[in-house]
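# Structural characterization, general
Residue-level listing of the chains:
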Amino acid sequence: MNEEVLGRLKAAEEVFWKNDGYKHHEVMEDGAFTMDDIRAAEERLSKFAPLIERLFPETSGQKGIIESPVMRLERMERHLDGVYGTALDGSLYIKRDDILPISGSVKARGGIYEVLKHAEDLALADGLIDEDLDYAQFASDKFRELFSHHTIVCASTGNLGLSIGIMSAKLGFKVEIHMSADAKAWKKAMLREYGVDVIEHMDDYSRAVEVGREEAMRRDDFYFVDDEDSVTLFLGYAVSALRLKAQLEEVGIEVNRDKPLYVYLPCGVGGAPGGITFGLKTVFGDAVHPVFAEPTHSPCMLLGVMSGRHDEISVRDIGLDNVTIADGLAVGRASKFIGKTVGDMIYGFYTVEDEALLKLLAKLRDEEGMKLEPSALSGMPGAYKLQQKDPDMTPGTHLVWSTGGDMVPDEVWRKDYEEGQALLGDE
Ligand SMILES: *Cc1c(COP(=O)(O)O)cnc(C)c1O
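Predicted model, so just to flag it, every value in this text is computed and none were measured.

A few words on the site of the ligand. In the vicinity of the ligand, 15 residues are found, and the nearest of them are K107, N159, G270, A272 and T403. One of the side-chain N or O atoms of K107 is found 2.6 Å from an oxygen atom in the ligand. Between the ligand and the protein, one listed contact pairs an oxygen atom with a side-chain N or O atom of N159 at 2.7 Å. No other element matches helix α10 (residues 271-284), which puts three residues into the shell around the ligand. Tallied by class, the residues present in the shell around the ligand amount to six nonpolar, seven polar and two charged.

Here is the structure:
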């Protein structure tokens, strides 16, 4: 273990750790999952697209495919050049999962995919599906009647609950969401409006998962979406890489070893960034370098991978409190399998202070007119931190994966914005 990095992690200082276990893609061929798994997930989502279009008319422009655009961040790049006192080697882009349809966060990828897959499994078992069934019929009474006898359960810091709650409720499932102490009041209120049973916990995320999982295990008609351990979520997230490849080609952004793609991914329990990383490495190989971003008070994945102890170590074990304004990232113990599965595909990890997130939130609004939630900003300084750490890196395309924001009520978001403005003013 890197003692210098560990010391700074304990002191809740910002760090950048270049993963010494990072491997070339060629040597990772015998992994547990393959491109076939990603393709199968992509095909399933295509089959369900007519249903999504029917249930969520806002997706009709993309024919029921839930996807977000890639955008250039020219003004923000110029601002950050100034802050870091150096021009970025390459160009800064953003992947706008903050405006993903249905739930306005990256969780619309994994969460919705897992609910759809479960609905399909139930319908198959019940003999409701034949070869050429149009999946739009999942919205019909026959299916709703079936789903009304089943309950979907998950635990969440907020956004996974939103995405699973909304999708499940629309299909006619009963839904029970266990919310950790970090979850914002508006997320709970919105879910209750959908008729979701929201159970509030005073504990942190890991404990909420435990309670939800235990409860679901006692019942045959309960299905638990396990954010700490779900392969289905993982593959739902991974599909994004195939979509990204097509998007980059469309706008003429080359990705190869001489012009690599660096991707900065906010990390909570690890499911979303882990699934996306697996997708990216499978699609782009050595031409992509995924980098994970975490709050200084919740660096569970960095700690888990660096120590090799994965889910067997918590940030509390090194004296951190797991308290952060980046609510989607407030996770003290990493996923059971992400670190083990994709640990060697992650180029590096870094941490960001809450105040830095707020300043970036305000600046991104002023410079680019984008409204992100604090968690989603953690990827923003990654390119510059990497460049400081590794001045000789190959110049390329730097993609900040923005993970949430669109659903945040304006008055809630304003408070963060104003706090960020005040911090910028103090400088
Ligand atoms: C959940 C979440 C993440 C990270 O996803 P994990 O699967 O928990 O690692 C990042 N950003 C936001 C806004 C989120 O809600």
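Let us look at the sheet that holds strand β7 (residues 222-225). In a beta sheet, neighbouring strands pair by backbone hydrogen bonds and run either parallel or antiparallel. With parallel pairing, the four strands of this open sheet are ordered in space as β6-β5-β4-β7. Both outer strands of the open sheet, β6 (197-200) and β7, are each paired with one neighbouring strand and no more. Within the sheet, the average angular offset between the axes of one strand and its neighbour, ignoring direction, is 20°. In this sheet, β6 lies alongside strand β5 (residues 174-179) in parallel orientation, the contact comprising four bridges. From the neighbouring strand, I177 faces β6, where its bridge partner is V198.

For the rest of this paragraph, the subject is the UniProt feature "domain: Tryptophan synthase beta chain-like PALP" (unreviewed entry) in the chain. When the UniProt feature table is mapped onto this chain numbering, "domain: Tryptophan synthase beta chain-like PALP" (unreviewed entry) sits at residues 64-391. Counting secondary structure, residues 64-391 comes out at 43% helix and 15% strand; the distance between its end C-alpha atoms is 43 Å.

In this section: the pairing of strand β4 (residues 151-156). With six of its six residues buried, β4 lies for the most part within the structure. Side chains T151, V153 and A155 of β4 all project onto a buried face; the interleaved residues I152, C154 and S156 project onto the opposite face, where all are buried too. Inspection of the sheet shows β4 paired to β5 by six bridges, in the parallel sense. Opposite I152, over in β5, you have V175 as the bridge partner. Bridging between β4 and β7 involves four bridges; their strand directions are parallel. The partner of I152 across the bridge, within β7, is Y223.

Another point: helix α6 (residues 159-171). Between its terminal C-alpha atoms α6 stretches 19 Å, which fits the 18 Å expected from 13 residues at 1.5 Å a residue. Burial analysis of α6 places 12 of its 13 residues in the buried class, the great majority of the element. Restricting attention to buried positions, one finds in α6 the residues N159, L160, G161, L162, S163, I164, G165, I166, M167, S168, A169 and L171. Among the residues trailing α6, G172 stands out with phi positive, at a value near 100°.

The next subject is the sheet that holds strand β8 (residues 261-266). Strand order in the open sheet formed by seven strands is β1-β10-β9-β8-β11-β3-β2, with mixed pairing between adjacent strands. With one partner strand each, in any of the chains shown, β1 (16-18) and β2 (70-72) form the two edges of the open sheet. The sheet shows a mean angle of 25° between the axes of neighbouring strands, taken without regard to direction. As paired strands, β2 and strand β3 (residues 90-96) are joined by three bridges and run antiparallel to one another. Within the sheet, the bridge partner assigned to M71 lies in β3 and is I94. Seen against the sheet, helix α3 (residues 74-84) touches β2 and β3 and runs at an angle of roughly 125° to β3. Packing of α10 onto the sheet brings it into contact with β8, β9 (288-295) and β11 (396-402), and relative to β9 it is tilted by some 170°.

A few words now on the domain arrangement of the chain. As far as domains go, the chain holds domain 1 (3-103 + 232-425) and domain 2 (107-228). Measuring from the centre of the C-alpha atoms in domain 1 to the corresponding centre in domain 2 gives 25 Å. At the junction of the two partners, domain 1 supplies 44 residues and domain 2 supplies 38 residues. Summing both partners gives a buried area of about 3800 Å² for domain 1 against domain 2, and 64% of it is carried by carbon and sulfur. Of all residues in domain 1, F48, L233 and D327 bury the most surface against domain 2, accounting for 17% of the area lost on that side. For E373, the salt bridge identified is with K187, shortest N-O distance 3.4 Å. Joining domain 1 to domain 2, the criterion identifies 15 residue pairs in polar contact (both at pLDDT 80 or more). Broken down by element, the residue count for the side of domain 1 that touches domain 2 peaks at 10 residues, all from helix α2 (residues 35-55).

Calculation criteria
As a convention, each chain's residues are numbered from 1 in the sequence order in which they are written. For a predicted model such as this one, the threshold for reporting local features is a pLDDT of at least 70, and the threshold for listing and counting side-chain atom pairs is 80 or more; totals across whole chains, interfaces and linings nevertheless cover every residue. Think of the side-chain values as coming from all heavy atoms in the structure, minus any hydrogens and water. When we say a residue is near a molecule or strand, we mean one of its heavy atoms is within 4 Å of it. Polar contact is defined as a pair of N or O atoms within 3.5 Å, subject to the rule that within protein one atom must be able to donate a hydrogen and the other to accept it, and that residues adjacent in sequence are counted only when both atoms are side-chain atoms. To qualify as a helix, a DSSP run of H or I must reach at least 4 residues; to qualify as a strand, a run of E must reach at least 2; elements of each kind are numbered from the N terminus. Put simply, Ala, Val, Leu, Ile, Met, Phe, Trp, Tyr, Cys and Pro go in the nonpolar bin, Asp, Glu, Lys and Arg in the charged bin, and everything else, Gly too, in the polar bin. Strand pairing is defined by DSSP finding a minimum of two bridges between the two strands. Here an axis means a line fitted to C-alpha atoms, over the contact stretch when the element is a helix, while the angle between two N-to-C directions is reported on a 0 to 180 degree scale. UniProt positions are given in the numbering used here, feature names are shortened, and annotations may be inferred rather than shown by experiment. The classification of residues rests on relative accessible area computed with a 1.4 Å probe and restricted to protein chains. Under 20% of the type maximum is buried, over 50% is exposed, and intermediate values are partly exposed. One less than the residue count of a helix, multiplied by 1.5 Å, gives the span that helix is expected to have. Residue contacts are counted whenever heavy atoms from the two residues lie within 4.5 Å of one another. Domain limits in this description derive from either an automatic procedure or a database domain assignment. Simply put, the buried area is the total loss of 1.4 Å probe accessible area from both parts when two parts are fitted together. What makes a salt bridge here is a side-chain nitrogen of Lys or Arg within 4 Å of a carboxyl oxygen of Asp or Glu, nothing more.

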